[in-house]
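Here is how the chains run, residue by residue.
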There are 2 protein chains.
Amino acid sequence: MKPENPSFHAHHSPMGALASFTCGAHGAKGGMGLELPAAFQGEISIGYLDAENTLSLLPLFEGSESSESERYVEGAEGTSGKLKVLQGVQRDYKWATDTIGAEGVSLEIATPFFPIPDPAEAMPSELGFASCPVVHLTLRFTNDSTTSRRGIFALGIDRRWSSLEESTGGSLTGATSQGQIGFATDTDGVSCWMDFDPISAMNRQHSTPEFLLGPTAGLEVEVGPGEEKTIEIVLGFFKSGPATYNRELSYYYTQHFTNLSQVLEYGLASREDYLAIAAERDAELEKATLNDEQKFLIAHATRSYYGSTQWLWDGAKSVWVVNEGEYLMMNTFDLTVDMLFFEMQFNPWTVRNILEQFTERYSFYDSVFDPQDPDTLYPGGLSFTHDMGVMNHWSPAGRSSYEVGGLDRACFSHMTCEQLTNWVLCAGVYYAQTRDEGFLRKHRQTLVECYESLQNRDNPDPAKRDGIMSFESSRTEGGGEITTYDSLDHSLGQSRRNIYLGGKMWASYVVLESLFTESALEELADNAAASAKLAADTLTKGFNEELGFIPAVLEENNQSAIIPAIEALVYPHVMGLTHATDPEGPFSEYIATLKKHFHHIMDTGMCLYEDGGWKLSSSADNSWMSKINLCQFVARAVLGFDFGEAQFKADQAHARWEREGSKLSACSDQFRSGVAHGSLYYPRIVTNILWLSE
Amino acid sequence: MKPENPSFHAHHSPMGALASFTCGAHGAKGGMGLELPAAFQGEISIGYLDAENTLSLLPLFEGSESSESERYVEGAEGTSGKLKVLQGVQRDYKWATDTIGAEGVSLEIATPFFPIPDPAEAMPSELGFASCPVVHLTLRFTNDSTTSRRGIFALGIDRRWSSLEESTGGSLTGATSQGQIGFATDTDGVSCWMDFDPISAMNRQHSTPEFLLGPTAGLEVEVGPGEEKTIEIVLGFFKSGPATYNRELSYYYTQHFTNLSQVLEYGLASREDYLAIAAERDAELEKATLNDEQKFLIAHATRSYYGSTQWLWDGAKSVWVVNEGEYLMMNTFDLTVDMLFFEMQFNPWTVRNILEQFTERYSFYDSVFDPQDPDTLYPGGLSFTHDMGVMNHWSPAGRSSYEVGGLDRACFSHMTCEQLTNWVLCAGVYYAQTRDEGFLRKHRQTLVECYESLQNRDNPDPAKRDGIMSFESSRTEGGGEITTYDSLDHSLGQSRRNIYLGGKMWASYVVLESLFTESALEELADNAAASAKLAADTLTKGFNEELGFIPAVLEENNQSAIIPAIEALVYPHVMGLTHATDPEGPFSEYIATLKKHFHHIMDTGMCLYEDGGWKLSSSADNSWMSKINLCQFVARAVLGFDFGEAQFKADQAHARWEREGSKLSACSDQFRSGVAHGSLYYPRIVTNILWLSE
């Protein structure tokens, strides 16, 4: 796919290393970063020095958005030289390769991804291959001039470098910094240099190529007139020792690699295998029957997902963590449930891994109360925390980093009911798609407790239940719970009586019915089916003929229209529980009502932006790409909508939100009128993997 | 000492941890940093919340220079509150304690320093005490109001925190971040909190004191009406695993402490012992017969020195590194020779340690050439590199990070001749003050080779020698060497025929005569004495009656006047080689000429700034505090000058350069007309320790 505007940042990351070579936006800083909430702020210099001593570079550094074709610039230590920013940049943005090129030079960045084998069962060699924290570059220089050029690649950082020549006995050329980031090549004829910056290096007055005092390290190669030259480069990341705090876990790759040099050597030695996988992924996405903007969104989302992944080792087993983009919260559960579909496709063991981290360490029992009478507590039950910590700091067992008490339906309040549905929904999809009987057996009691807890959050008095949440967790200390949509108004932000969360409760009951049946818990299965019916009926009855839709919150005369009313249909759908979404099935009325709801709010434009992009709530200018992409799938694949030409218009709008509205933040989630304003650099948008199954 | 302006940054550092709690400048960022080239850019919040919910803070955070007495401010997440910046800040800046206070609150920062015992001979318990990377705070709150206050202390960073409560089983209160920095207290009644910022925390709407999502962690204590309360706090630093690259060495303290919690526990448990030492140091400086500005300069220099020190462990022995301030070059040899006097007073083993690192790893043999005929090479000899690496990256053996080839007397050229004198001069002072016979025996051959190498840099043809440098190192590849004064014009920057370096060659010969005599190498001793005579005569003859001084460079009609002509007299002086500096001794003419030189250039004001500060060279506006302070000592203690009232005027000027001209950079070295413009945050200024011996 060739995006209409090639200037935007993208993650380029290994799997599970919480590391990224972020670049792509013109005139912006970028580079290799570990554990960062945003693009590394360095300089990337790729281009060539010609016979007139003009350095022509791709616009991948700050200040390079200038359209001046050529200018004199001064290096850090007073050495000056001619600099030309290459114009007419082309970009080819595939699933696992990203190629940025202009006249005379192109950079291909390969980030192969593939199923990570279950570490409990795989061979060490497979695990080494899957965990090796490398990214592969191919630099191609074409010199159609009549004089020689020097092709260069360089990274400018704020620390300093050591040369690999010495530490690898000359087998690799390249440089590493602080043992954490580095690059290497074994291409013949390439030499390494260090200096203050490329201008200083290319115009150096001195005779020492590796001037160790400089923060920039690079490679160079002679490209004769009429010649083509390719440099094969591996970028490597490494963090030794404890990677997390308050529980000292290390990166999984440290089980296989002792240091960065080993990573770089392995990366180069296995280069062909990695590139073959990248090509395979590229081909898969290319042949999909999706439009180019959809393919762009999938490729963009995939990169941001892997940039946030962190595969750890606790001394006995693997621990899978996905960090929450710019916020770096660890395994935020309401993201897990959205990234579920992606992880189920590639490595279902990570879903189980996270679910069991929640049961073992981040679960708890609470009480519940009626918001009209906060002082009277009733039995609540089992639930799970919002997350497991932040920025590599594990939160204490049973606590998230995010949730605090005493807030009434405001950001940072508890998400107890929604996280409870998330455990059930993830478990359901995991089991349905793996048939992992051991998992189901092990968590039979958990599922029973989840069901009880869900019901108590509806109403502790069985007689008064209507299937959706009405009681608040005691953890709010008299306040009120929120949903994952924490920065929206009550249409999506408040939990109780919310039809978005109501839909997830309905789906949870449907899932529980299925899992109880599989577990031969017939009575519970029947009960769960009845609960689902109760929820569906309540939501159906919520339909307001006058409004033409189900208002977002079934209390206090709320009149917001929300797209995510339909969101939870995805779970029975991907589990193959076709009865649940069958227009003629037991929930026929509910399905029909949702169709009517959705048709109305889209048809009237209540939930559309002017550019055709989707607006999750009619009453809030804050629309989340992950959820839009998910609901697009549900509308088409479950409810059977065909958007005709509006489909491409919406996809193009969404793609532009990412490319223009989130230019410097790679793939982001929250947009206000097409501009990212939160949840930047975010992993969650991989809900769009579902499109590949349509 | 109570500096006239209390607003300036200072290092507050343990010994050997390359760590600093930098703070003191009003309205500026500061905080705890590891291995940084400048102050950590965080927020320090110290003050109290009163009954009207106004938060009164010392001005130790960005924006606090405002003189507005009270204003509403908004916390990071929209919570607002009243903020008052405390006015009338007082500062008491002693050698090992720095007290910053205003009405109602004071912060005392204790940084005890003391002789680090030779690790090869000391008991583990002594080494643990000396290496423990802690700084001690005492917070005093005085509430003379009629209502209760909450005293607070907080640090805002860009990462997140874990609570110590959980990890220490409740024995400590406080927080740590990434296992690298943290604070703890065991004072009763103190609790810990975390939040976005102090305004959010003090006005929080929620009920969770430790809100883990926030980048600010703090302590708070209730201070009743009329009460005084003290919180005893320890700040701890820690970096586990390899601390350096291209040779993996760890911090010495990791031999004694496993993690940051241990460091904090030990720091608190040993608090009284540490504070007693700080008080001892304070008293020593207080009772010295120096003016307050001199005492300020000593205290300021000492802090910046320790902030740059790095005590490492290579698996078998200690490795001492002093980093070069903002540049973070490791063991820059031309700094070592200046910091020599300080280290000899406290821990001479560090001098030997560095000298032997140079002989073992950072020495080499070169050739020399006549600058008139660069292609003809002659035997040169042994010398040493400028440094050993940069930012924890060891440079390859035999190479510095700084020096590059092909430059003719320009910044980053080689300093071969000067580093050669530095090894001799350090070895001489080390031996004279320790009588370490083993050292002398071991390095007898080195000294012989140094002598030969020095002579060859004068002239490979013995008949043509005149005692000072005329031949350039082959490492310059046809260029020309520079001195440590790399950013000055040729008056101090060029090596050959330079009277500053000539003085150091003279001193080296004097030192060698002494060391050869001690080694029973009588013939070499006689030769060295003759070489010293030759150098002294050449320098003496350089005196230009017309100019009234010895021009800085004895070639090409140079007419600059430089103070450091007298610098090298310090070496025989501190070695007790009284004959060398005796006005009636063998170098009487040289001494008399230097007196005349110095008297003239100071008397005429050629080498003075208008404020009375010293200008090292008449032809360059770039004056270095370390060298000024050293030459002040030489002028007074060796040449017998009495500056009368000009003394205090100069000291006050120099102190103001640091306080005003280097406000945000702690103690700096290079000043242009009183403003620091390079060598910021620098360790070298401890040459002023010599003043205590006058």
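Here the structure is shown first, and the text comes after it.
All values reported here derive from a predicted model rather than from experimental measurement.

J.: I would appreciate a short explanation of the overall build of chain A in the present structure.
T.: Counting its secondary structure elements, chain A contains 19 helices and 28 strands. Taking the principal axes of its C-alpha atoms as reference, chain A extends roughly 85 × 55 × 45 Å. Burial statistics for chain A: of 694 residues in total, 68% are counted as buried. Long-range pairs, those at least 24 residues apart, make up 69% of the contacts in chain A with a sequence separation of at least 6. As displayed, chain A has an accessible area near 21,800 Å², and 47% of this comes from carbon and sulfur atoms. Of the charged side chains in chain A, 50 are positive and 95 negative, and the gap between their average positions amounts to 0 Å.

J.: Looking at this model, I keep getting lost on the interface of chain B and chain A. Mind explaining?
T.: Where interface size is quoted, it is often the accessible area lost as the parts come together. Facing 47 residues of chain B, the contacting portion of chain A comprises 47 residues. Each partner contributes to the roughly 3,600 Å² buried at the junction of chain B and chain A, and carbon and sulfur atoms together form 56% of this total. Between the two partners, chain B and chain A, sit 0 salt bridges. Counting across the chain B and chain A interface gives 20 residue pairs in polar contact (both at pLDDT 80 or more). For the side of chain B that touches chain A, the class distribution of residues is 18 nonpolar, 19 polar and 10 charged.

J.: Mind showing me how you'd approach the sheet that holds strand β18 (residues 250-251) of chain A here?
T.: For sheets, the rule is that strands pair by backbone hydrogen bonds, running either parallel or antiparallel. Spatial strand order, β18-β19-β20 (chain A): 3 strands in an open sheet with antiparallel pairing. Two strands bound the open sheet, and with one partner strand each, they are β18 and β20 (318-322) of chain A.

J.: So what exactly am I meant to see when it comes to unusual backbone geometry here?
T.: Peptide bonds are trans in most cases, and residues, glycine excluded, mostly fall at negative phi. Residue and element names in this part refer to chain B. Of note in this structure, arginine 409 is not a glycine but carries a positive phi near 50 degrees. Relative to the helices and strands, arginine 409 is located in the loop between β24 (393-394) and α9 (416-434). Positive phi is not limited to glycine here, since tyrosine 681 has a value of about 55 degrees. Position of tyrosine 681 among the secondary structure elements: in the segment after β28 (675-678).

J.: Just to check I follow, could you spell out helix α19 (residues 645-661) of chain B for this structure?
T.: Note: α-helices contain 3.6 residues per turn, so residues at a spacing of three or four share the same orientation. Residue and element names in this part refer to chain B. The terminal C-alpha atoms of α19 lie 23 Å apart, and with 17 residues this matches the ideal 24 Å at 1.5 Å per residue to within 8%. Listing the buried residues of α19 in full gives Gln647, Ala650, Asp651, Gln652, Ala653, His654, Ala655, Trp657, Glu658, Arg659 and Gly661. Of the surrounding elements, those touching the buried residues of α19 are α6 (292-307), β26 (623-624), α18 (625-638), β27 (670-672) and β28.

J.: So what exactly am I meant to see when it comes to the side chain of lysine 504 of chain A here?
T.: Residue and element names in this part refer to chain A. Within the secondary structure layout, lysine 504 lies in helix α13 (residues 499-518). A polar side-chain atom of lysine 504 sits 2.7 Å from a polar atom in the side chain of asparagine 422. When near neighbours in sequence (up to four residues on either side) are disregarded, lysine 504 contacts Val337, Glu418, Thr421, Asn422, Leu425, Ala568 and Tyr571.

J.: Is there a simple way to think about the relation of the copies chain B and chain A in this case?
T.: What relates the pair of chain copies is a rotation about an axis plus a shift along that axis. Superposition of chain B onto chain A requires a rotation of 180 degrees combined with a translation of 0.0 Å along the rotation axis, giving an RMSD of 0.0 Å. Given the turn and translation reported, the copies of this chain are related as if by a two-fold rotation axis. Among all residues of chain B, the minimum C-alpha distance to the rotation axis is found for glycine 241 of chain B, at 3.4 Å. Looking at the interface residues of chain B, 100% of them are also at the interface in chain A, so both copies use one shared face.

J.: Before we go on, may I ask you to explain the environment of phenylalanine 129 of chain B in this structure?
T.: All names here are of chain B. With respect to the secondary-structure elements, phenylalanine 129 resides in helix α1 (residues 124-131). Judged by its relative accessible area of 15%, phenylalanine 129 falls in the buried class. The spacing of phenylalanine 129 and alanine 535 is 406 residues in sequence and 47 Å in space, taken between C-alpha atoms.

Reading guide: rules and limits
- Residues numbered from 1 in each chain as written.
- Chains lettered and ligands numbered in written order.
- Predicted model: local features only at pLDDT ≥ 70, side-chain atom pairs only at ≥ 80, totals over all residues.
- Heavy atoms only, no water.
- Helix = DSSP H or I, 4+ residues; strand = E, 2+ residues; numbered from the N terminus.
- Buried < 20%, exposed > 50% of the residue type's maximum accessible area, 1.4 Å probe, protein only.
- Contact = heavy atoms within 4.5 Å.
- Areas by Shrake-Rupley, 256 points an atom, 1.4 Å probe, with all protein chains shown as cover.
- Lys, Arg positive; Asp, Glu negative; His and termini not counted.
- Charge placed at Lys NZ, Arg CZ, Asp CG, Glu CD.
- Buried area = accessible area lost by both parts, 1.4 Å probe.
- Salt bridge = Lys/Arg side-chain N within 4 Å of Asp/Glu carboxyl O.
- Polar contact = N/O pair within 3.5 Å; in protein donor to acceptor, adjacent residues only side chain to side chain.
- Nonpolar A, V, L, I, M, F, W, Y, C, P; charged D, E, K, R; others polar.
- Pairing = 2+ DSSP bridges.
- Expected span 1.5 Å × (residues − 1).
- Least-squares fit on C-alpha atoms with pLDDT ≥ 70 in both.

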